[in-house]
Amino acid sequence: AIFFDNPGGTQIARQSAERIQRYLLECNANHEGAFETSRKSDEILTEAHAAMADFLNAARPEEIIFGNNMTTLTLHISRSLARTLNPGDEIVVTRLDHDANISPWLLVAEDCGCKVTWIDFDVEDCTLKPDEIEKVLEHKPKIVAFGYASNAVGTVNPVRKITEMAHAAGALVYVDAVQYAPHGPIDVQSLGVDFLVCSSYKFFGPHAGILYGRYDLLDELKAYKVRPAPDTLPGKFETGTQNHEAIAGVLGALEYFEWLGKTFGGEHEEGLRERGYSGRRMELKKAMTALRAHEFELSRAFLSALEQVPGLRLYGLADPLKVDQRVPTFSFTLEGRHPRSVAEELASAGIYVWDGNYYALAVTERLGVESSGGMVRVGAMHYNTLDEVTRLGDVLKKKYDRE
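Along each chain, numbering runs from 1 in the same order as the chain's sequence is written. In keeping with the predicted nature of the model, local features appear solely for residues at pLDDT of at least 70, side-chain atom pairs appear and are counted solely at 80 or more, and the whole-chain, interface and lining totals rest on all residues. Hydrogens are left out, water is left out, and the side-chain values use all remaining heavy atoms of the structure.

Colleague: Before we move on, could you go through helix α6 (residues 159-168) and cite the residues and values that matter?
Modeller: Those residues of α6 that fall on the buried side of the exposure criterion are Val 159, Ile 162, Thr 163 and Ala 166. Buried residues in α6, looked at end-on, bunch into an arc of 100°, giving them a common side. In α6, those exposed residues whose orientation departs by more than 90 degrees from the buried face are Lys 161, Glu 164 and Ala 168. Note on conventions: DSSP H or I runs of at least 4 residues are helices, E runs of at least 2 residues are strands, and numbering of each starts at the N terminus. Just past α6, the residue Gly 170 takes up positive phi, approximately 90°. Exposure is judged per residue with a 1.4 Å probe applied to protein chains only, and the accessible area is read against the type maximum: over 50% gives exposed, under 20% gives buried, and values in between give partly exposed. Note that the arc is defined by the directions from the helix axis to the C-beta atoms.

Next up, the structure:
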């Protein structure tokens, strides 16, 4: 099989699978017991928080909250943020986002009597419109929610710039980094974001979600939890018994990245050291910088291969000189073909891809393809090869040239 279904979930790293297995066989226990397996379990969970803080360059491990997935974490934290809002306050969302960073805020607005303002994107290249961002921020919104990268069309947004603009307007910033996390380095301190969420099953780990939040904000916010649960971070937001084996698996995925950094990231070390990284944070940033460089090659190959397919329309940035402004996630339609039939035909050739709207409902509605089945989506990770990209292009050309 050729795995181009990666935007919906990656294959798991060996280190992650082994961590899950060891946890379940050697220290499967609940929190804070007086016995050995509970102590070992807590040690692994503590280390996972520290490793994830290193991955995101958070200021402290207590700023890392684990949960089921990005959607659940966002619904949870949005409820806490809703307590800080008043009727008439404004919340900003974008039409380029996955619905998990739209619907929670629509629900908050409904409950609190807030106004929702949408930022549109350019349908020609699927990038956010800068003039609209400036315009909506004139209204002094309380929360601005947007994505790091689009899970539908691959656009990478200028996170630091938008964050600076939002903060200047007095807003908190909530960033969905699920699609970006496996493709490049993230530094929440450098970006200045208030909250950032991602999911480890998109970066070679198990089905688990991670929320970063600035310590002062998380410490002040009201948590919806049971009474005996801790009032301190991170426990106040990690409600109920967590999926401990999945958190152990997240640690394993980060250990895989650490190995990649040590093995393949040497040429990037000097520049990263100048930016102040060291230790595990250095190795993780080396890994993600090296992956990003490799994926630029894959992106250019995708653009070349898809361009040669008759009747294919690609949505999003198509300029090979702008691959640094997208992740290798590509969505397209084929003239006269339903996206599901294309996905089925590719599956029969051993090529796994997605079709539909991938929960990016606002994107497919804005592009006018929702009612016709959405789009076909293909996406590469660093374990994909140029030969696999060529194979995709050959299968599409052979099938649709013949027809």
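Colleague: Break down unusual backbone geometry for me, citing the residues and quoting the values.
Modeller: As a rule of thumb, non-glycine residues mostly have phi less than zero, and peptide bonds are mostly trans rather than cis. The omega torsion of the bond from Leu 233 to Pro 234 falls at 0°, within 30 degrees of zero and hence cis. Non-glycine residue Glu 32 carries a positive phi angle of around 60°. Turning to its location among the elements, Glu 32 is positioned in the loop between α1 (14-26) and α2 (36-56). Since its relative accessible area comes to 70%, Glu 32 is described here as exposed. One non-glycine residue, Tyr 358, lies in the positive phi region at around 55°.

Colleague: Describe the packing of α1 against helix α9 (residues 244-264), and please don't skip the residues or the numbers.
Modeller: Only the stretch in contact is used when fitting a helix axis, every axis being a line fitted to C-alpha atoms; angles between N-to-C directions are given from 0 to 180 degrees. It is the contact of α1 with α9, at a shortest axis distance of 7 Å, that shows an interaxial angle of 145°. As for how α1 packs across α9, the hand of that crossing is right-handed. Of the residues in α9, those in contact with Gln 15, Ser 16, Arg 19, Ile 20, Tyr 23 and Leu 24 of α1 are His 244, Glu 245, Ala 248, Gly 249, Leu 251, Gly 252, Ala 253, Glu 255, Tyr 256 and Trp 259. For this classification, the nonpolar set comprises Ala, Val, Leu, Ile, Met, Phe, Trp, Tyr, Cys and Pro, the charged set comprises Asp, Glu, Lys and Arg, and every other residue, Gly included, is treated as polar. Classifying every residue of the contact of α1 with α9 gives eight nonpolar, five polar and three charged. Left-handed is the label given to a crossing in which the near helix is rotated counterclockwise from the far helix by less than a right angle, and right-handed is the label when the rotation is clockwise. Note on contacts: a residue pair qualifies if any of its non-hydrogen atoms lie within 4.5 Å across the two residues.

Colleague: Which residues make up the environment of Gly 240, and what values do they have?
Modeller: Tracing the sequence through the fold places Gly 240 in the loop between α8 (215-220) and α9. We classify Gly 240 as exposed; its relative accessible area is 61%. Taking the C-alpha atoms as reference points, Gly 240 and Gly 67, 173 residues apart in sequence, are found 9.9 Å from one another.

Colleague: Can you tell me about the nonpolar core, naming the residues and giving the values?
Modeller: What is meant by a nonpolar core is a set of buried Ala, Val, Leu, Ile, Met, Phe, Trp, Tyr and Cys residues, joined one to another through side-chain atoms within 4.5 Å. In this structure, Met 52, Tyr 148, Ile 186, Leu 196, Phe 203 and Phe 257 are the most contacted members of the largest nonpolar core, which totals 74 residues. If one sorts the elements of this core by residue count, α9 sits on top with ten residues. Among the nonpolar cores identified, the runner-up in size contains 30 residues, and Ile 77, Ile 91, Trp 105 and Leu 233 belong to it.

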